[in-house]
Amino acid sequence: VQLQASGGGLVQAGGSLRLSCAASGRTFGSYFMGWFRQAPGKEREFAAAISRSGSFTYYADSVKGRFTISRDNAKNTVYLQMNSLKPEDTAVYYCAAARRDSAVYYYQGNYDYWGQGTLVTVSS
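Residues numbered from 1 in each chain as written. Predicted model: local features only at pLDDT ≥ 70, side-chain atom pairs only at ≥ 80, totals over all residues. Heavy atoms only, no water.

**Regarding the environment of Gly54**
Of note, Gly54 is situated in the loop between β5 (45-50) and β6 (57-59). Residues Gly54 and Ser84 lie 30 residues apart in sequence; the distance between their C-alpha atoms is 23 Å. (Helix = DSSP H or I, 4+ residues; strand = E, 2+ residues; numbered from the N terminus.)

**With respect to the environment of Gly7**
Examined against the element boundaries, Gly7 turns out to sit in the loop between β1 (3-6) and β2 (9-12). Taking relative accessible area as the criterion, Gly7 reaches 34% and is therefore assigned partly exposed. For the pair Gly7 and Arg18, spaced eleven residues apart in sequence, the C-alpha separation works out to 6.1 Å. Beyond its immediate sequence surroundings of up to four residues, Gly7 is in contact with Leu17, Arg18, Leu19 and Thr118. (Buried < 20%, exposed > 50% of the residue type's maximum accessible area, 1.4 Å probe, protein only. Contact = heavy atoms within 4.5 Å.)

**Brief notes about unusual backbone geometry**
Positive phi is not limited to glycine here, since Asn76 has a value of about 55°. Residue placement: Asn76 occurs in the loop between β7 (67-72) and β8 (77-82). On the accessibility criterion, Asn76 (17% relative accessible area) is buried. The backbone of Ser84 sits at a positive phi, close to 50°, despite the residue not being glycine. Among the residues examined, Ser84 registers a relative accessible area of 42% and is labelled partly exposed.

**A closer look at the sheet that holds β8**
Sheets are built from strands paired through backbone hydrogen bonds, the pairs being either parallel or antiparallel. Read from one edge to the other, the open sheet built from four strands follows the order β1-β3-β8-β7, with strand pairing classed as antiparallel. Where the open sheet ends on each side, the last strands, each with one partner, are β1 and β7. Put simply, the sheet's adjacent strands are angled 15° from each other on average, direction ignored. Bridge analysis of β7 against β8 gives six bridges, and the strand direction is antiparallel. Bridging from a neighbouring strand, Ser70 pairs with Tyr79 of β8. (Pairing = 2+ DSSP bridges. Axes fitted to C-alpha atoms, helices over the stretch in contact; angles between N-to-C directions.)

Limitation: the analysis is restricted to geometry and does not speak to function.
Written as structure tokens, this is what we have:
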């Protein structure tokens, strides 16, 4: 599957953005999906994940209550709604797809496909 992330940009602290990740192929609904992010000078880290049906969602503590992950399997798209953005949310955001569910949803090695990333910059 090929993943194309979009929706990044420059926003002031307290603002909102919605990221999208469009997937190619007819089997999008069979993939567990995640969003990761990499801030300047830091390692890539887990942000959010969603089960195949969308029934279960998972968040890093740093984004819980502010970010919402969702998916539309009919549109082959996963979203990340980001509210109350902070300067520390500045990062390149990557979407990723896993062929198998895993309890270790925050582990990058469990994901098989990655998008190219979209830059989110939050100004103070």
